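Working through the structure, step by step
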Amino acid sequence: MPPYDMQSSQFGLVSGIQQAQSDMVLATEPSALFAPEARKGRLYIVAETSQDVPRSADACQLVINTIRKAFYSDRSYSVTSSLRKAISSANKVLYEQNFNTSSGKRAYIGVSCIVIKDHDVYVAQTQPAQTYLLADGKLRAMPMHPSWNDGQDGTTALLTPGAIGSSLTIEPEFYRAVLHPGDTIVACSSNLARILGRDQMMYLLRSINTSEIAEHLLDVCKQNALPEAHGVVVSARARLSTTAQTAPLSRSGVSERGRVLFQDIGNWVGRMTGEAVLLVRPDQRDKQRKAEIRQEHGQREQAQLAQVPDEPPPMPAPMPMPLDIGDSLDERVEQERRERQPVRAQLGRPQPRQAEEELPPSVLLGEGEYGQVTPPPPRQRRVDLSDTPDMGAPRNRTSASDGRALPLEPTLGEQLMRPFEKVGNTLTGYNRRRRLRRPPPSAMPKVRRRPGLSYRREGPPFPWLLLLLLVLSVALLVVYGKGLMDRQAKQEATRLLQQAGTAVALVSTAPDDASAQVQLDKAAEALALVRANGVVTSTAENQQEYESLQRQYDLALAAIQKISYLDDMTEVARHPQASAGSTFSSIVVPPAPNGITNTVGFDSIYALDVNQGALYRLPKQGGVPELYLTPDTQATNLGGAPAGKTKAIAWRTDNIVAVTQNPNNTFLYAFRNGNDWNFSNLGGSEEWQPPDGNRLRLATYEGNLYFLNAIAGQVLKYVSGRPADLYTPWITDFGQSKADAAIDLAVDGKVYLLQPDGRIDIYAANVFERELTPPSMKPPVAVVTSFFVTGASPDEGSIFLVDTQQERIIQIDKHTGALIQQIKVRADSQVRLNTLTSVYLDESAPQPVIYLANGGQILKATLPNPPRVLQQPKPQPTAGAESAPTVEPTAAP
């Protein structure tokens, strides 16, 4: 048996949705002792299609199932030969299917087949496919990507094999390596080859758990916006630790070897139980055999229906009748000898003694005729009616062994023992009489005969008692081994909890944030080992201690990385067409009506669906959204033409305003006049050339309108009350900044432009002033989607960045760009922020309330306070110096 255990994990990404089990991956592992997987080896298959055609997933399933069936049904002992035949069979099936399909619907499949048998690993590939193998400390990519070879592709000179289904003949590429403990194999789709570097894969394949490798690959796919990816991770992990291997007679070596032995015994018993069902219950074996016969019969019928029947063979010519030439020479000699026997008897010559003819047993059962053969008379058994020695007269009292006469009068002891002697004689006499009544012993043991002829040979009886003793012995060993393993596991859990407690305690005593982060990573590894042990919940004390350590770790993590959680999140509204995939792109929450008398518009929340081009309104306390401005709304003051799709919204003074794009590609400014919408043509909007109509951004300040992405690389300004006049390019000096890639806009006296990587360009008085870079945090900021700037002036407020990829909201300082807090939801929350598009902060309440547009729902929660800082240790006074009073720093709010 190999000195390692196999671990495997699958991962799948379909249209950006994570899947635990992929339909493009097949993992076949042995389930019983005599299963085909145990004889031929473990089989892992990853399939992908070279082009996007209808029903390509069905073609991949057809190829995967055909390879698996053909590989295990092949009787060859060579893994390479079986793999070649299996891939050829799958190619033949898919080629026949493509031959009967139009060219636009043909699917060509690439596969990576991995077979692990004993200490060897075999890899067979047809392009497109990608496999990474870390064996013996060396990393190898199959096929080799050009970026791994300094841009030189070493495979261009060779003939690249085609995909399955592209031609009638196919020649896959084969690789072979020796597998050792710690080696890892990753088979994945080929689109990952261009984003995975050598150093990244080397670091990744050295991970401890295959599930962590799969999760990291999914994170890489999400970071690079890959819509689909599939793969499987297989790792060989040593069954014994390094300490147990180097010191086999140590306590750890003996305990680990005992644990592995009992695991092997338990696995063997489990597999033998499934196999013993067929041995003990013949009906199950007969049912299985009949099912296999029916399956083979059906396959033969299908093959006969698909093939033309052969012509019947010609009828053989009739054989001539043999000639009768009389008796043979031996028969004539035997006949003459029989005729001379009576003559020899008359002459007085002794005749040869004939052997006594034995009678068949069937004569005694009524078979045959009694007239032909007469059985001999039964042998008479003599009955001996004489007395046995035990039944003779009792011995005389004077027949003692020493020859002296016994006393005539019994002694006192004999008188006391006489009743007991009578009872004993009665019992022994009864047993003696029972023995005398028994029939004489027979030389042949009594055996139970089956119905039928008695002379037929019968097989030995099934050893049920021995089987029961074997099962009981194995069960006792398993129970004892399981108890020993549980005791060792509890001791290991206690040791791991102590290590984790020490690591968590060292976090709070770290002298600075860098050291605290290092100790925090060590504490996370210690808690992960505790969770992986699996016996933490065995006792209530261990569970309470683990939960206490986890709470301390969470507090330390929040203090160091400044993480806050939205614990009171509630759903305000849901998109009426959320089931169809409709989402909100932005929301507007009115501020407090300071000095404004007409407060009708302040009681609602406004949400924009930029894909439908519709504006929704809902009550501020929550409810069902209603359509407020649709593409079919008529611009009555502009001749009754449709207003078109809404592209951006903003709050202006006392009501909501919007920008729409009519069918003539002219942009309209929409504002409320009482209970009706009024529209005005934006001057020069027919010259706008937005790179993406859905990325148009609108901001208002002191009644003026500011637009981003109306013209690439510029912010347009429309003076308050005169939207029909020509716009003014607001930025006059870009400095070191570039506004071409900006994705969001905010104005508070200064203009803030958000870049996709999280940088914020700040402009003052039409001139570039400075740039705010995203703060350093873990994980770092990679891509942001929008932001929200609070404060009525540049001297107050904060900036909230929306990081949808990491499901968080980052609050930074408006002046310095320092990190204030990372706002998330807890891991066990039912709400996920993986579709977060926009945030809006309402500061009118005593405690600020944050609103989130998360896909097809609008959520709100109280803005959490920044996390408290860790308690730093007090400095110790030096010897000889005056001890000044030390003041402990209080926890910052």
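None of these values were measured; they are calculated from a predicted model. (Residues numbered from 1 in each chain as written. Predicted model: local features only at pLDDT ≥ 70, side-chain atom pairs only at ≥ 80, totals over all residues. Heavy atoms only, no water.)

Let's shift gears to the nonpolar core. Within the largest apolar cluster, 50 residues are counted, with the highest numbers of intra-cluster contacts made by I656, W677, F679, I809, Y851 and L852. Sort the elements by how many residues they give to this core and strand β37 (residues 849–854) lands first, with five residues. Residues within four places of L852 in sequence aside, it is in contact with I587, I809, L833, L836, S838, V839, Q857, I858 and L859. Core analysis: the second largest hydrophobic core is formed by 29 residues, L43, A90, V111 and I164 among them. (Core = buried A, V, L, I, M, F, W, Y, C linked by side-chain atoms within 4.5 Å. Buried < 20%, exposed > 50% of the residue type's maximum accessible area, 1.4 Å probe, protein only. Helix = DSSP H or I, 4+ residues; strand = E, 2+ residues; numbered from the N terminus. Contact = heavy atoms within 4.5 Å.)

Tallied over the entire structure, the rule returns 16 aromatic pairs. Both rings, one in Y606 and one in W651, keep their centres 6.3 Å apart while their planes meet at 35°; by these two values the pair is tilted. Of this pair, Y606 sits in strand β15 (residues 604–609) while W651 sits in strand β20 (residues 645–652), and the two are 45 residues apart along the sequence. Residue class for Y606 comes out buried when judged on its relative accessible area of 1%. Look at Y628 and W677: their rings are 5.3 Å apart centre to centre, the planes differ by 70°, and that puts the pair in the edge-to-face class. You can see Y628 sitting in strand β17 (residues 626–629) and its partner W677 sitting in strand β23 (residues 676–681), a full 49 residues away along the chain. Grouping residues by exposure puts Y628 and W677 together as buried. Following the ring pairs from residue to residue traces out a cluster consisting of F602, Y606, Y628, W651 and W677. The side chain of K40 reaches across the aromatic face of F71, ending 4.7 Å from its centre. Lying over the aromatic face of Y565, R826 brings its terminal NZ or CZ to 4.2 Å of the ring centre. (Phe/Tyr/Trp six-rings, centres within 6.5 Å; stacked < 30°, edge-to-face > 60°. Lys NZ or Arg CZ within 6 Å of the ring centre and 35° of its normal.)

Read from one edge of the open sheet, four strands run β28-β29-β30-β31, paired in antiparallel fashion. The strands lining the two open edges of the sheet, one partner per strand, are β28 (744–747) and β31 (767–772). The mean inter-strand angle of the sheet, taken between neighbouring strand axes irrespective of direction, is 25°. Relative to β31, strand β30 (residues 760–764) runs antiparallel, the two being bridged by five bridges. Paired with D761 across the bridge in β31 is E771. (Pairing = 2+ DSSP bridges. Axes fitted to C-alpha atoms, helices over the stretch in contact; angles between N-to-C directions.)

Mapped onto the elements of the fold, S9 is located in strand β1 (residues 4–14). For S9, a relative accessible area of 15% puts it in the buried group. One polar contact links the side chain of S9 to the main-chain amide nitrogen of S211, over a distance of 3.4 Å. If we skip the residues at most four places from it in the chain, S9 touches T210, S211, A214, G231, V232 and V233. (Polar contact = N/O pair within 3.5 Å; in protein donor to acceptor, adjacent residues only side chain to side chain.)

Under the defined criterion, the tally for this structure stands at 21 salt bridges. When the shortest N-O distance is used, the salt bridge between D757 and R759 registers 2.9 Å. When salt bridges with common partners are traced through the structure, they connect E334, R337 and R338 into a single cluster. (Salt bridge = Lys/Arg side-chain N within 4 Å of Asp/Glu carboxyl O.)

Looking at the element boundaries, D748 is found in the loop between β28 and β29 (751–754). Exposure remark for D748: the relative accessible area of 3% places this residue in the buried category. At a separation of 3.2 Å, a polar atom in the side chain of D748 contacts the side chain of Y752. A distance of 2.4 Å separates polar atoms of two side chains, one belonging to D748 and the other to K814. When residues no more than four places from it in sequence are discounted, the contact partners of D748 are Y701, V789, G791, A792, S793, P794 and K814.

With that settled, consider the pairing of strand β21 (residues 655–661). Counting buried positions over the seven residues of β21 gives six, a clear majority of the element. Across seven bridges, the pairing between β20 and β21 is antiparallel. Within the sheet, the bridge partner assigned to I649 lies in β21 and is A658. The hairpin turn running from β20 into β21, its antiparallel successor, is two residues long, and T653 in that turn takes a positive phi close to 60°. Relative to strand β22 (residues 667–673), β21 is paired through five bridges, and the arrangement is antiparallel.

Take helix α4 (residues 198–205) next. Taken as a whole, α4 has its buried residues at M201, L204 and L205. Buried residues in α4, looked at end-on, bunch into an arc of 90°, giving them a common side. Among the exposed residues of α4, those oriented more than 90 degrees off its buried face are D199 and Y203. Buried residues along α4 sit in contact with β7 (130–135), β8 (138–142), β10 (184–188) and α5 (210–223). (Arc of directions from axis to C-beta.)

With that out of the way, let us pick up unusual backbone geometry. Omega for the bond connecting Q127 with P128 falls within 30 degrees of zero, at 0°, which places this linkage in the cis form. Checked against the element boundaries, P128 lands in the loop between β6 (120–126) and β7. The amide bond that connects K778 to the next residue, P779, takes the cis arrangement and shows omega of -5°. Phi is positive for N766, which is not a glycine, with a value near 70°. As for its placement among the helices and strands, N766 is situated in the loop between β30 and β31.

Attention now goes to the sheet that holds strand β33 (residues 798–803). Taken in spatial order, the five strands of this open sheet run β12-β35-β34-β33-β32, and their pairing is mixed. Across the chains shown, the open sheet's two edge strands, defined by having one partner strand only, are β12 (563–565) and β32 (786–789). Between one strand and the next, the sheet's axes are offset by a mean angle of 25°, whatever the strand orientation. The sheet contact formed by strand β34 (residues 808–813) and strand β35 (residues 819–824) spans four bridges and is antiparallel. The residue of β35 that forms the bridge with I809 is I823.

It is the contact of helix α2 (residues 56–73) with helix α3 (residues 79–99), at a shortest axis distance of 8 Å, that shows an interaxial angle of 145°. Remark: the crossing between α2 and α3 carries right-handed chirality. Contacts between α2 and α3 involve A59, L62, V63, T66, I67, A70 and F71 from the former and V79, S82, L83, A86, I87, S89, A90, V93, L94 and Q97 from the latter. Of the residues contributing to the contact of α2 with α3, the split by class is 13 nonpolar, four polar and no charged. (Left-handed = near helix turned anticlockwise from the far one by under 90°. Nonpolar A, V, L, I, M, F, W, Y, C, P; charged D, E, K, R; others polar.)

The geometry of helix α11 (residues 464–508) relative to helix α12 (residues 513–533) is characterised by a closest axis approach of 8 Å and an angle of 165° between their N-to-C directions. Classified by the interaxial angle, the pair formed by α11 and α12 is roughly antiparallel. Handedness of the α11/α12 crossing: left-handed. On α12, the residues that touch A489, E492, A493, L496, L497, A500, A503, V504, L506 and V507 of α11 are A516, Q519, L520, K522, A523, A526, L527, L529, V530 and N533. (Parallel < 35°, antiparallel > 145°, perpendicular 65-115°, else oblique.)

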